[in-house]
Amino acid sequence: MKVLIVDDEEMIRAVIREYVEFEGGEAEEAEDGMEAVKKCRENDYDVVVMDVMMPRLDGFSAVKEIRKFKNTSVIMLSARGEEYDKLFGFEIGSDDYVTKPFSPKELMARIHAVIKRSNARETSDVYEFEGLKIDIKGRNVYVDGEKAELTPKEYELLFYFVENRGVALTRERLLNKVWGYDFYGDDRTVDTHVKMLRGSLKEYRKFIVTLRGLGYKFEV
């Protein structure tokens, strides 16, 4: 695995790097968002660990820039644990959110979970439901022939729905399977992303059925 560690605190970068290299991975560092964007343009990483509060360019802004040209998995790292910050991080395309102070072992487990989910998309399946076309391997979604711009988490959620179409999925199961390793979220995290996904699917939002008091089901 190849990890980019982005944090303005040298000690934090050193700790994460030590754990990554101990597990046989390769680590590179950046001390602010601008350097992170530059490195992501020039290199490919399995995952980027991105601090939020940094000089010159903050983590949220850096992720927005990176998402314009690359779909690399991102784990946000922040001392701010408010739900708003977490949801905003997911909305701009991050895959996970870890609050400082953090356990390096837990962070490594989350890194492995994010990489595993990313690597799992090795199927060539293309699904079509009326005017909705979903190319899982290509990570492309088309609504009536027009490409839909989804966040990475919207893609993951939609693909999981499609792969489990017709199955009643609880919010807890969606949190566990889509967000991964012991995600510290709640029902509102799922509901917020479902709302975003429905907006992206336009009239085909009808395929995502709400099961009152339980969760959701992709039904065609």
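Further up the page is the structure itself.
First, a word on scope: everything that follows refers to the structure included in this document. (Residues numbered from 1 in each chain as written. Predicted model: local features only at pLDDT ≥ 70, side-chain atom pairs only at ≥ 80, totals over all residues. Heavy atoms only, no water.)

With omega at -10 degrees, the peptide bond leading from K100 into P101 counts as cis. Tracing the sequence through the fold places P101 in the loop between β5 (96-99) and α5 (104-119). Look at R56: it is not a glycine, yet its phi comes out positive at around 65 degrees. For R56, a relative accessible area of 62% gives the class exposed. The backbone of D144 sits at a positive phi, close to 50 degrees, despite the residue not being glycine. Locating D144 in the fold gives a position in the loop between β8 (140-143) and β9 (146-147). Judged by relative accessible area, D144 falls into the partly exposed class, the value being 48%. (Helix = DSSP H or I, 4+ residues; strand = E, 2+ residues; numbered from the N terminus. Buried < 20%, exposed > 50% of the residue type's maximum accessible area, 1.4 Å probe, protein only.)

The next point concerns the pattern of salt bridges. Close approach of charged atoms allows side chains of opposite charge to pair. Considering all chains together, one arrives at 17 salt bridges under this definition. For D191, the salt bridge goes to R171, with nearest N and O atoms at 2.9 Å. Within this pair, whereas D191 is found in helix α8 (residues 187-201), its partner R171 is found in helix α7 (residues 171-179), the two being separated by 20 residues in sequence. What makes D191 partly exposed here is its relative accessible area of 26%. Judged by its relative accessible area of 14%, R171 falls in the buried class. Across the pair E219 and K217 runs a salt bridge whose closest N-O atoms are separated by 3.1 Å. (Salt bridge = Lys/Arg side-chain N within 4 Å of Asp/Glu carboxyl O.)

What follows covers α7. Regarding α7, the residues found buried are R171, L174, L175, V178 and W179. The buried side chains of α7 occupy one side of the element, clustering within an arc of 100 degrees when seen end-on. Lining the buried residues of α7 we find α4 (83-91), α5, α6 (152-163), β10 (169-170), α8 and β12 (215-218). A positive backbone phi angle near 90 degrees is found at G180, which sits one or two residues after α7. (Arc of directions from axis to C-beta. Contact = heavy atoms within 4.5 Å.)

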